[in-house]
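# Geometric and topological summary
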Amino acid sequence: NMSHELRTPMNAILGFTEMILDGIYGEVPPDVGGPIQDVRTWGQQLLRLINDVLDLSKIEAGRMELSLTVYSVPEVVETARTSLRSLAAEKGLEFTADVDPDMPLAYGDGKRITQCLTNLVGNALKFTKQGRVAIHARREGDEVIYSVADTGIGIPANHLDQIFGEFRQVDASISREFGGTGLGLSITKTFVELHGGRIWVESEPGRGSTFSFAVPLRVAGATEVV
Ligand code: ADP
């Protein structure tokens, strides 16, 4: 219920903002358009934060459950790509995605897997000033491996272990600039582990990072989260 109380007003604010920008209430004067776009951007960020905090509280209460169905890996990749395509274009980054051509249908929580991949791609775009972000999905035996490679700022070796923890950020000033809570990776890790999978990162400061996660192609049953 709390979830409904928090999301409904935020969705209403975003909906009306969108309609104003679409000109439904008349032409938007040029000097008003900018601030209204800012309202939309900050509103979207607040909605992401609300969703993350709600997920986290569910996880902490031990009530997070996967909803298992057949899902398509190329669709997961395509959804993550389309939802962040405009951000990549705004930043002038090369943005590619490819999936093994013979990828079979997968069984798991496609929505949560999409959320995980979107989190990683969002981070990659956030922490990359120039170059490229590349999404890959490949099959290795009984697993699907999703990876997101960037040519961004990278992560110092002594932080690699910590960033998957709650509210952990290497540099809070960057996250203040681009928005972020330090919750994305810990939530992503939980969903991956609920699938019986694992997540890891390889990174070199100044050169970039590659985040990867492996999940079973077909999840046997949801694992309890601790
Ligand atoms: P945030 O909301 O800060 O992005 P996350 O949990 O998603 O929170 O990430 C935690 C921290 O890990 C980030 O604040 C950043 O310091 C680091 N990080 C995550 N992804 C990347 C990346 N692709 N490149 C560099 N640093 C990253």
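Computed from a predicted structure; not experimentally measured.

## A few points about the pairing of strand E5 (residues 143–150)
Extensive coverage of E5 is indicated by the burial of 7 of its 8 residues. In terms of strand pairing, strand E4 (residues 132–140) meets E5 through 8 bridges, oriented antiparallel. Directly across from Ile 135, in E5, lies its bridge partner Val 148. Where E4 hands over to E5, the hairpin turn is made up of 2 residues, of which Gly 141 adopts a positive phi near 60 degrees. Looking at chain direction, E5 and strand E7 (residues 208–216) are connected through 7 bridges and run antiparallel. Bridging across to E7, Ile 145 finds its partner in Ala 214.

## Describing the site of the ligand
Around the ligand, the surrounding shell holds 21 residues, and the nearest of these are Asn 123, Lys 126, Gln 169, Thr 181 and Leu 185. Within the side chain of Lys 126, one N or O atom sits 2.8 Å away from an oxygen atom of the ligand. Between the ligand and Gly 182 there is a distance of 2.9 Å, counted from an oxygen atom to a backbone nitrogen or oxygen. Protein contacts shield 97% of the accessible area of the ligand, which totals 530 Å² for the unbound molecule. At the level of secondary structure, the elements contributing two or more residues to the shell around the ligand comprise helix H4 (110–126), helix H6 (184–194) and E7. Sorting elements by how many residues they give to the shell around the ligand places H4 first, with 3 residues. Partitioned by chemical class, the residues of the shell around the ligand number 9 nonpolar, 9 polar and 3 charged.

## Some remarks on H4
Here H4 spans 24 Å end to end across 17 residues, near enough to the 24 Å set by a 1.5 Å rise per residue. Counting buried residues in H4 gives 13 out of 17 residues, a clear majority hidden from the surface.

## Concerning the pattern of salt bridges
One pass over the full model with this rule turns up 6 salt bridges. Measuring nitrogen to oxygen at the nearest pair gives 2.7 Å for the salt bridge that ties Arg 198 to Glu 143. With Arg 198 in strand E6 (residues 198–204) and Glu 143 in strand E5, this residue pair connects regions lying 55 residues apart in the sequence. Under the relative-accessibility criterion, Arg 198 is labelled partly exposed at 41%.

## Details of the side chain of Thr 17
By the secondary structure assignment, Thr 17 is in helix H1 (residues 2–21). By relative accessible area, which is 6% here, Thr 17 ends up buried. Thr 17 has contacts with Ile 36, Val 39 and Arg 40, leaving out every residue within four places of it along the chain.

Rules used in this analysis
- Residues numbered from 1 in each chain as written.
- Predicted model: local features only at pLDDT ≥ 70, side-chain atom pairs only at ≥ 80, totals over all residues.
- Heavy atoms only, no water.
- Buried < 20%, exposed > 50% of the residue type's maximum accessible area, 1.4 Å probe, protein only.
- Helix = DSSP H or I, 4+ residues; strand = E, 2+ residues; numbered from the N terminus.
- Pairing = 2+ DSSP bridges.
- Near = heavy atom within 4 Å.
- Polar contact = N/O pair within 3.5 Å; in protein donor to acceptor, adjacent residues only side chain to side chain.
- Areas by Shrake-Rupley, 256 points an atom, 1.4 Å probe, with all protein chains shown as cover.
- Nonpolar A, V, L, I, M, F, W, Y, C, P; charged D, E, K, R; others polar.
- Expected span 1.5 Å × (residues − 1).
- Salt bridge = Lys/Arg side-chain N within 4 Å of Asp/Glu carboxyl O.
- Contact = heavy atoms within 4.5 Å.

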